[in-house]
Amino acid sequence: MVLHPVLGKLVSKRVVLASASPRRQEILTNVGLRFEVVPSWFKETLEKSYFAAPYEYAVETAKQKALEVANRMHVKHLRTPDVVIGADTIVSVDEQILEKPVDKQDAYRMLSRLNGKEHSVFTGVAIIHCSSKDNQLEMEVTDFYEETKVKFSDLSEDLLWEYIHSGEPMDKAGGYGIQALGGMLVEYVHGDFLNVMGFPLNHFCKKLAELYYPPSKHNVQHKKYDSIPSVDTFENLSDGESESSNFTEHKGASNSDSSGMCSSGSIYYSENSSSVRTGFMVPLENQNGVPESATKLPSKILELMDGFRASKALFVASKLKMFDHLKNKGPVKAVDIANEVGTSVCGTERLLDACAALGLLEKTPQGYSNTDSTNTYLTSDGEYSLHGYIIHSNDHLWPLFTYLESAVKEGSRQNHRAFGKKAEDLFKDYYHSQEVKQRFMAAMHSIAHLTARDVATAFDLSRFKSACDLGGCTGALAHELVQIYPNLKVTVFDLPEVIANTSYFQPPAQHTARVTFVSGDFFKDNLPEADLYILSRVLHDWSDEKIHVLLSKISAVCKPGCEILLAEMVLDDEKKRSTALLQSLNMLVQTEGKERSGSEYRALLQQHGFTNVKIRVTGNLLDVILCIKT
Ligand SMILES: O=c1[nH]cc([C@@H]2O[C@H](COP(=O)(O)OP(=O)(O)OP(=O)(O)O)[C@@H](O)[C@H]2O)c(=O)[nH]1
């Protein structure tokens, strides 16, 4: 494979990809490059008017992303990477630069602009070679860009919105992903497809070839590499460093292709060879440098078999607040965390190592530190903290799931077995003690906060003046709704014991005046008047009989034209979505409810006069259903 000699130059180096883009990770992993991912914190806010051409903006942003990571790693870990790669993809149309859309309206604006026209996709790339002298960081920056022209077909408004509601546009430059659903919008591509996806691999390899194999005197009369040097010219490329010639062609290896790549994308190389040889077998290595087994392993099954261990490691690290202890600190040694948390050193070290291997922590010789997503999702005060739900999973769901077998045999909830209590009303169980109640509310709050934006924007709700969120708990969705819809007032209706405890979860005052809390039981008490009734993660708790009671109450207070919005994990009719199916098992062990399909919800709603049932799959944890009282 012609790329090997070039990528092989990076094998012995500590390579860091300064990008959170899963596509860039995939493109580089697929060609066997081994690297760490350290997403850049550089904010993509350079003043666009300062740049004469769009590609200059993309190159400068890529450079700034990579420089930020190189500097941070040097300062933070005192272990400087050898190479840092940064990239930035933009779309340019009518002299405008389009980046990632900020919301659905923005995605719509972008896609409408691209509709029926040709545009350019530019990816700027920066390759920074770092070294440290007297603890001073020295960097050599190489950068380049690649342009690909893409043309969209003429697309209808409906199709654009359908695409936007798929959720795909949101993290993609120009608001589309050519590698997935977005591919259907595209009439033609002129240039490097991978460049559109986020990383111009071919140009990257050419750049490495230029850097690592500069034309020597004897080949200087040859044309400058305008493509990757082929294997035929491989010997000419040798610069005498042993690593450059460590690559071995592997003929006849059963799970390799002619490129010498193993099927999982690793590069073959021999340990001691100083010249290219053929037919020499060495163990294949995976991404972590671990030899691959000779036996074909059922990796999916093994992963499921051990899945509970990984979950429990996450739960325990969260419960012991290890991620909180690591927040805003440089690397911390296991012994220091053990002392702070009050745990054994050997146990703590094993747990932290497991968390690092699971990608939850970064580990360096100086100690452990949180990754960015750990700071966001796993610390108790992270922006989208799931801490509450993780503790609920550990303390409540885990014991219930140990009785899954009984639940399957008996077809009913297992609270009496897990907690030694007679099954009463579902929420009475949660609210019997202040501690359990707060834990449950924190869990519901974390999921509501994470899903609120997608639920609130799945449909345009700007025509409504008043909404009532039945079982709205801490008001996380209500607050998101009033932020998005300036004319909307939302009443959160929930049990008195919930309403009495909501103050802790309220956001800073900004739009809070348009959110009010009213206590009551939606099965027994009068419902507040509203144009829109919201039931988010409510119906899945209940049997069809109870749902009929609730829907008939709502139907009775709904004037024609009033609407209901449901947010639930909707099962696909083919029952293939494992997250929703596992959530349905979760409902089995603890409630009388279940997850339902779109047609099941439609049937329930239609029986109470709610028609025109529309369903949006959001790509987040909750899907959204909207219907109108006729
Ligand atoms: O067809 C596709 N077009 C673009 C993409 C993806 O879009 C983003 C572009 O954003 P950016 O370059 O700013 O990169 P980020 O994702 O924010 O990650 P960084 O941490 O590197 O800033 C990029 O992910 C492309 O892959 C696509 O998927 N398909």
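Residues numbered from 1 in each chain as written. Predicted model: local features only at pLDDT ≥ 70, side-chain atom pairs only at ≥ 80, totals over all residues. Heavy atoms only, no water.

J.: Explain the pairing of strand E14 (residues 563-568) to me, and be specific about the residues and the numbers.
T.: Among the six residues of E14, six are classified as buried, and the element is accordingly described as predominantly covered. Alternating positions in E14 separate into two faces, Glu563, Leu565 and Ala567 on one and Ile564, Leu566 and Glu568 on the other, with burial throughout. With five bridges connecting them, strand E13 (residues 532-536) and E14 associate as parallel partners. Looking at E14, one finds that Leu532 is bridged to Glu563. Once you follow E13 into helix H21 (residues 544-557) and on to E14, the crossover reads as right-handed. Bridge count for E14 against strand E16 (residues 623-629) is six bridges, and the pairing is antiparallel. Counterpart to Ala567 in the pairing with E16 is Val624. (Buried < 20%, exposed > 50% of the residue type's maximum accessible area, 1.4 Å probe, protein only. Helix = DSSP H or I, 4+ residues; strand = E, 2+ residues; numbered from the N terminus. Pairing = 2+ DSSP bridges. Right-handed = clockwise from strand over helix to strand, strands pointing away.)

J.: Could you give an account of the layout of surface pockets, with specific residues and numbers?
T.: The calculated volume of the second largest pocket comes to roughly 1,400 Å³. If you trace the second largest pocket, you find 31 residues lining it, with Ser311, Phe315, Tyr389, Ser393 and Leu582 closest to the centre. Every element with two or more residues in the lining of the second largest pocket is listed here: helix H9 (299-319), helix H13 (372-378), helix H14 (387-401), helix H18 (434-457) and helix H22 (578-590). For the lining of the second largest pocket, the two domains that each supply at least three residues are domain 3 (301-385) and domain 4 (435-629). (1 Å grid on protein atoms, 1.4 Å probe; cavity = no way out; pocket = protein on both sides within 12 Å on 5 of 7 lines; lining within 4 Å. Points joined across faces, edges and corners; volume = space filled by probe spheres on them. Domains from an automatic or database assignment.)

J.: I'd like a description of the pattern of salt bridges, backed by residues and values.
T.: Under the counting rule described, the total for this entry stands at 32 salt bridges. Here Lys65 makes a salt bridge to Asp88, at a shortest N to O gap of 2.9 Å. On the criterion of sequence distance, the pair formed by Lys65 in helix H3 (residues 54-77) and Asp88 in strand E3 (residues 83-93) is long-range, its members being 23 residues apart. Comparing Lys65 with Asp88 shows no difference in burial state: the two are buried. Its salt-bridge partner being Glu592, residue Lys546 comes within 3.2 Å of it at the nearest N-O pair. Residue Lys546 is found in helix H21, and its partner Glu592 is found in the loop between H22 and helix H23 (598-606); the two are separated by 46 residues along the sequence. Residue Glu592 is classed as partly exposed on the basis of its relative accessible area of 40%. (Salt bridge = Lys/Arg side-chain N within 4 Å of Asp/Glu carboxyl O.)

J.: Can you tell me about helix H2 (residues 22-30), naming the residues and giving the values?
T.: Note that an α-helix has 3.6 residues per turn; residues three or four places apart therefore point the same way. Buried within H2 we find Arg23, Arg24, Ile27 and Leu28. End-on view of H2: buried residues confined to an arc of 125°, all on one side of the axis. Two residues or fewer past H2, Gly32 is found with a positive phi of approximately 85°. (Arc of directions from axis to C-beta.)

J.: Just give me the short version of the site of the ligand, but keep the residues and values in it.
T.: Lining the immediate environment of the ligand, one finds 21 residues, of which Ser19, Arg24, Lys65, Lys100 and Met197 sit closest. Taking Glu44, its side chain carries an N or O atom lying 3.0 Å from an oxygen atom of the ligand. Thr89 has a polar backbone atom sitting 2.8 Å from an oxygen atom of the ligand. In isolation the ligand exposes 580 Å². Once the protein is present, 94% of that is buried. Of all elements in the fold, only H2, E3 and helix H6 (193-197) reach the threshold of two or more residues within the shell around the ligand. Looking at the shell around the ligand, the element that brings in the most residues is E3, giving three residues. (Near = heavy atom within 4 Å. Polar contact = N/O pair within 3.5 Å; in protein donor to acceptor, adjacent residues only side chain to side chain. Areas by Shrake-Rupley, 256 points an atom, 1.4 Å probe, with all protein chains shown as cover.)

J.: How would you sum up the nonpolar core? Please name residues and give values.
T.: The nonpolar side chains of a soluble globular protein tend to be buried with one another. Of all hydrophobic cores here, the largest spans 46 residues; its most connected members are Leu470, Phe522, Leu535, Ile554, Ile564 and Leu605. Setting aside chain neighbours within four positions, we find Phe522 in contact with Leu470, Gly471, Phe493, Leu527, Val538, Trp542, Leu550 and Lys553. Grouped together as the second largest cluster of nonpolar side chains are 45 residues, Ile27, Ile127, Leu155 and Leu185 included. (Core = buried A, V, L, I, M, F, W, Y, C linked by side-chain atoms within 4.5 Å. Contact = heavy atoms within 4.5 Å.)

J.: Any chance you could break down the packing of aromatic side chains for me, citing the residues and the numbers?
T.: Inspection of every chain in the model, using the stated rule, returns 11 aromatic pairs. A centroid spacing of 6.0 Å and a plane angle of 80° characterise the contact between Phe315 and Trp398, whose relative ring orientation is edge-to-face. Remark: Trp398 occurs in helix H14 and Phe315 occurs in helix H9; sequence separation between them is 83 residues. The class for Trp398 is partly exposed, based on a relative accessible area of 27%. Linked through ring pairs, Tyr55, Phe122 and Tyr145 together constitute an aromatic cluster. Taking the ring centre of Trp41 as reference, the NZ or CZ of Arg72 above it sits at 3.6 Å. (Phe/Tyr/Trp six-rings, centres within 6.5 Å; stacked < 30°, edge-to-face > 60°. Lys NZ or Arg CZ within 6 Å of the ring centre and 35° of its normal.)

J.: Could you give an account of the sheet that holds E13, with specific residues and numbers?
T.: If you walk across this open sheet you meet the seven strands as E12-E11-E10-E13-E14-E16-E15, and the pairing is mixed. Two strands bound the open sheet, and with one partner strand each, they are strand E12 (515-519) and strand E15 (610-616). Taken pair by pair, the neighbouring strands of this sheet meet at an average axis angle of 20°, ignoring direction. In the packing of H21 onto the sheet, the strands contacted are strand E10 (466-470), E13, E14, E15 and E16, and the crossing angle to E13 comes to about 165°. (Axes fitted to C-alpha atoms, helices over the stretch in contact; angles between N-to-C directions.)

J.: Just give me the short version of the confidence of the model for the protein chain, but keep the residues and values in it.
T.: Averaged over the protein chain, the pLDDT score is 85; the fraction of residues at 70 or greater is 85%. Segment residues 217-288 is flagged for pLDDT under 50; beyond a separation of four residues in sequence, or across chains, it makes 124 contacts in the model. Two numbers describe this predicted complex: its pTM, 0.56, and its ipTM, 0.99. (pLDDT = per-residue confidence, 0-100.)

J.: Tell me what's going on with the environment of Asp494, and back it up with residues and numbers.
T.: Following the sequence through the fold, Asp494 ends up in strand E11 (residues 489-494). A relative accessible area of 9% places Asp494 in the buried class. Each C-alpha atom of the pair Asp494 and Phe517 lies 7.9 Å from the other, and the pair is 23 residues apart in sequence. Not counting residues up to four positions away in its chain, the partners in contact with Asp494 are Gly471, Gly472, Cys473, Ile499, Val518, Ser519 and Gly520.

J.: Describe the side chain of Asp192, and please don't skip the residues or the numbers.
T.: With respect to the helices and strands, the residue Asp192 is situated in the loop between strand E7 (186-190) and H6. Comment: no salt bridge for buried Asp192; closest opposite-charge side chain is Lys206, at 8.1 Å. A polar contact is formed between the side chain of Asp192 and the backbone nitrogen of Leu194, at a distance of 2.9 Å. Not counting chain neighbours up to four residues away, the residues in contact with Asp192 comprise Glu146, Thr148, Pro200, Leu201 and Asn202. (Lys, Arg positive; Asp, Glu negative; His and termini not counted.)

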